[in-house]
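# Structural overview for review
Chain residues, written in single-letter form:
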Amino acid sequence: QKWKNTFATWDPQDFCNISKVVLPTDTYWSPPIFILERVNGQNSNLDYMAVMHNGSFDSTQAFQVTLTCSLMILKFPFDTQTCNLSIASFLHPAVTDLVMKTRRAPAEMMKDSQSYFLTDGEWKFTNLSIIEYTEELGDGEFSVVTYVISMERQPTLYILNLILPACALYLLDMAVLFGPSSLEDKANFQIAIVLGSSMLAVILNNILPTSSNKPPVIGTH
């Protein structure tokens, strides 16, 4: 966060050429910021901010938060999810008190985010866009900045552990059904295939996301 307070200025020549000081965040007023989609989280202990001689305040704090996100898993595991992270301050109206703006372009922020993101995990960070708007609440309008985050699921693990074994079972089923084996051998093979399909169904039930209105195609077939 960066803002300016015209009442907190000084001439560096009058104070041994000191143009910057670091103070606790509770020393001066700071904008109260809320994350709208936040469910749970943990704040950092770095409760300090830098104050420049021209009245500019700069505060950087790290947050570890859990956000709510509506999942669309119809194409699981080849799906792409889009989640919002909205930052707002509903204590100060946007018209008279507080207007929030981003300091960097979306392309620059996406480049920095990709350097922090764990690229060897299940998700691949693909896009970041920023929307700035005002939200009407009651009798006032408040400034809101929304970061739209797009992530693509890495399907390699699901292909190896789920899709390929399921296809192998189906091919084996067809081979046994139309093969020259006796009826007793076909029945034994069918029982084994049913047991294997049941195990895959259990694995599928454990790994499929449940927070979606539409079930994935792979789960219905």
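Predicted model, so just to flag it, every value in this text is computed and none were measured.

The next point concerns the packing of aromatic side chains. By convention here, two paired aromatic rings are described through the distance between centres and the angle between planes. Taken as a whole, this structure holds four aromatic pairs when the rule is applied. Aromatic pair Y28 and F57: ring centres 5.3 Å apart, planes at 70°, arrangement edge-to-face. Taken together, the residues Y28 in the loop between strand 2 (20-24) and strand 3 (34-35) and F57 in strand 6 (residues 56-58) connect sequence positions 29 residues apart. On the accessibility criterion, F57 (1% relative accessible area) is buried. Here the aromatic cluster, defined as three or more aromatic residues joined through ring pairs, consists of W3, Y28, W29 and F57.

So, on to unusual backbone geometry. Cis geometry marks the peptide bond from F76 to P77, where omega comes out at 5°. Mapped onto the elements of the fold, P77 is located in the loop between strand 7 (63-67) and strand 8 (80-88). Of note in the backbone geometry, C16 takes a positive phi value of approximately 55° without being a glycine. One can find C16 in the loop between strand 1 (2-4) and strand 2. Overall, C16 belongs to the exposed group, its relative accessible area being 73%.

How each quantity is defined
For every chain, the first residue of the written sequence is number 1, and numbering continues from 1 onward in sequence order. Per-residue local features of the predicted model are confined to residues with pLDDT of at least 70, and side-chain atom pairs are confined, for both listing and counting, to 80 or more; whole-chain, interface and lining totals are unaffected and use all residues. Computation of side-chain values covers all heavy atoms of the structure but excludes hydrogens and water. Classification of ring pairs uses Phe, Tyr and Trp, with its six-membered ring standing for Trp, and accepts pairs whose centres are within 6.5 Å; under 30 degrees between planes counts as stacked, over 60 as edge-to-face, and the remaining range as tilted. The helix and strand labels rest on DSSP assignments: H or I over at least four residues marks a helix, E over at least two residues marks a strand, and numbering proceeds from the N terminus. Burial status follows relative accessibility: with a 1.4 Å probe on protein chains alone, a residue under 20% of its type maximum counts as buried, one over 50% as exposed, and anything between as partly exposed.

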